[in-house]
Amino acid sequence: MTTSARFDTIRTDRLLMRRWLDSDREPFAALNADPETMRFFSATLDRAASDAYVDLIESRFERQGYGLWALELPETGEFIGFTGLNPMPDDVPGGGGMEVGWRLAKRAWHRGYATEAARAALDVAFLGACLAEIWSMTAVLNEPSQAVMRRLGLREVARFDHPRVPPGHPVRPHVTYHLASPHPASATLEE
């Protein structure tokens, strides 16, 4: 999907959601290399893979007008992770749809930032991009993210073995959540 609207920067009560800066790459690589932060993924990411992911995120912003926003605490300028909209892989329940997702540094956990930013991302999805539905998925073991999904109003719709996680890996069992747009197709965000 291509949209002519651009959503490069979003402000919430406590967060700045913005396009990525080169200065985000180092703290993002540290976040992706942290085994505790990445415990619900099949592996951590090295610096090259982390940088490649930033490049992919930015290319999707160019194509879609929205994506996975870098999260910043406005009062300090501190990078704390990302939250936003990302295409679902084709080979999972909800494949081909758009996912709301997040990844935050440990120091930002348990403060409600993921929920706050994800609500803003849902506004872009439903009112800005006029998407009919949103998906989200995670490892079955990832109860904290599932709790965020439920707070956002998403409902569990499927459990499956993630095809890109090795058989026998503890995070291979995954769960998919779904939310239909609560807005009529004609509603849009004011720019």
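Everything discussed here concerns the structure shown above.
Residues numbered from 1 in each chain as written. Predicted model: local features only at pLDDT ≥ 70, side-chain atom pairs only at ≥ 80, totals over all residues. Heavy atoms only, no water.

Colleague: What is the right way to look at helix α3 (residues 113–128) in this model?
Modeller: For an α-helix, 3.6 residues make a turn, and residues three or four places apart therefore share a direction. In this model, α3 (16 residues) spans 21 Å end to end at C-alpha, consistent with the 22 Å of a helix rising 1.5 Å per residue. Of all 16 residues making up α3, 14 are buried, and the element is well covered by its neighbours. With its phi angle positive at about 55 degrees, C130 sits one or two positions after the end of α3. (Helix = DSSP H or I, 4+ residues; strand = E, 2+ residues; numbered from the N terminus. Expected span 1.5 Å × (residues − 1). Buried < 20%, exposed > 50% of the residue type's maximum accessible area, 1.4 Å probe, protein only.)

Colleague: Help me out: how do you make sense of the pairing of strand β5 (residues 98–104) in this one?
Modeller: On a regular strand, each side chain points to the face opposite its neighbour's, so the side chains alternate between the two faces of the sheet. Along β5, 7 of the 7 residues are buried, which leaves the element largely enclosed by surrounding structure. Here β5 shows a buried face lined by M98, V100, W102 and L104 and a second buried face lined by E99, G101 and R103. Pairing of strand β4 (residues 78–87) with β5, which is carried by 7 bridges, proceeds in the antiparallel orientation. Residue pairing in the sheet places G84 in a bridge with G101 of β5. (Pairing = 2+ DSSP bridges.)

Colleague: What is the right way to look at the nonpolar core in this model?
Modeller: Within soluble globular proteins, side chains that are nonpolar generally end up buried alongside one another. Core analysis: the biggest nonpolar cluster contains 48 residues, and W20, Y66, W69, L85, V100, W102 and I134 have the highest contact counts within it. Of all the secondary structure elements, the ones that give two or more residues to this core are α1 (25–33), α2 (47–64), β3 (68–73), β4, β5, α3, α4 (143–151) and β8 (173–180). The biggest single contributor to this core is α3, with 10 residues. In terms of nonpolar packing, the next biggest core, distinct from the first, is built from 5 residues, M88, V92, W135 and M137 among them. (Core = buried A, V, L, I, M, F, W, Y, C linked by side-chain atoms within 4.5 Å.)

Colleague: Which parts of the structure should I look at to understand α1?
Modeller: Turning to α1, its buried residues number three or more, namely R25, F28, A29, L31 and N32. All buried residues of α1 fall inside an arc of 160 degrees around its axis, so they share one side. Buried residues belonging to α1 abut α2, β4 and β5. (Arc of directions from axis to C-beta. Contact = heavy atoms within 4.5 Å.)

Colleague: Before we go on, may I ask you to explain the pattern of salt bridges in this structure?
Modeller: Two side chains bearing opposite charge may form a pair once their charged atoms approach each other closely. If you walk through the whole model with that rule in mind, you get 17 salt bridges. In this structure, the salt-bridge partner of D51 is R25, at a minimum N-O distance of 3.8 Å. With D51 in helix α2 and R25 in helix α1, this residue pair connects regions lying 26 residues apart in the sequence. The class of D51 is buried, set by a relative accessible area of 18%. In this structure R25 comes out as buried when scored by relative accessible area, which is 16%. Measuring nitrogen to oxygen at the nearest pair gives 3.4 Å for the salt bridge that ties E36 to K106. In this pair, E36 is assigned in the loop between α1 and α2 and K106 in the loop between β5 and α3, connecting sequence segments 70 residues apart. With relative accessibility at 38%, the residue K106 sits in the partly exposed group. One salt-bridge network, held together by shared partners, links R6, D8, R19, E58 and E62. (Salt bridge = Lys/Arg side-chain N within 4 Å of Asp/Glu carboxyl O.)

Colleague: Is there a simple way to think about unusual backbone geometry in this case?
Modeller: The phi torsion of most residues other than glycine is negative, and most of the peptide bonds are trans. Backbone geometry places H110, a non-glycine residue, at a positive phi of 65 degrees. Structurally, the position occupied by H110 is in the loop between β5 and α3. Positive phi outside glycine occurs at C130, with the angle close to 55 degrees. Mapped onto the fold, C130 is located in the loop between α3 and β6 (133–139). Of the residues examined, C130 reaches a relative accessible area of 35% and is grouped as partly exposed.

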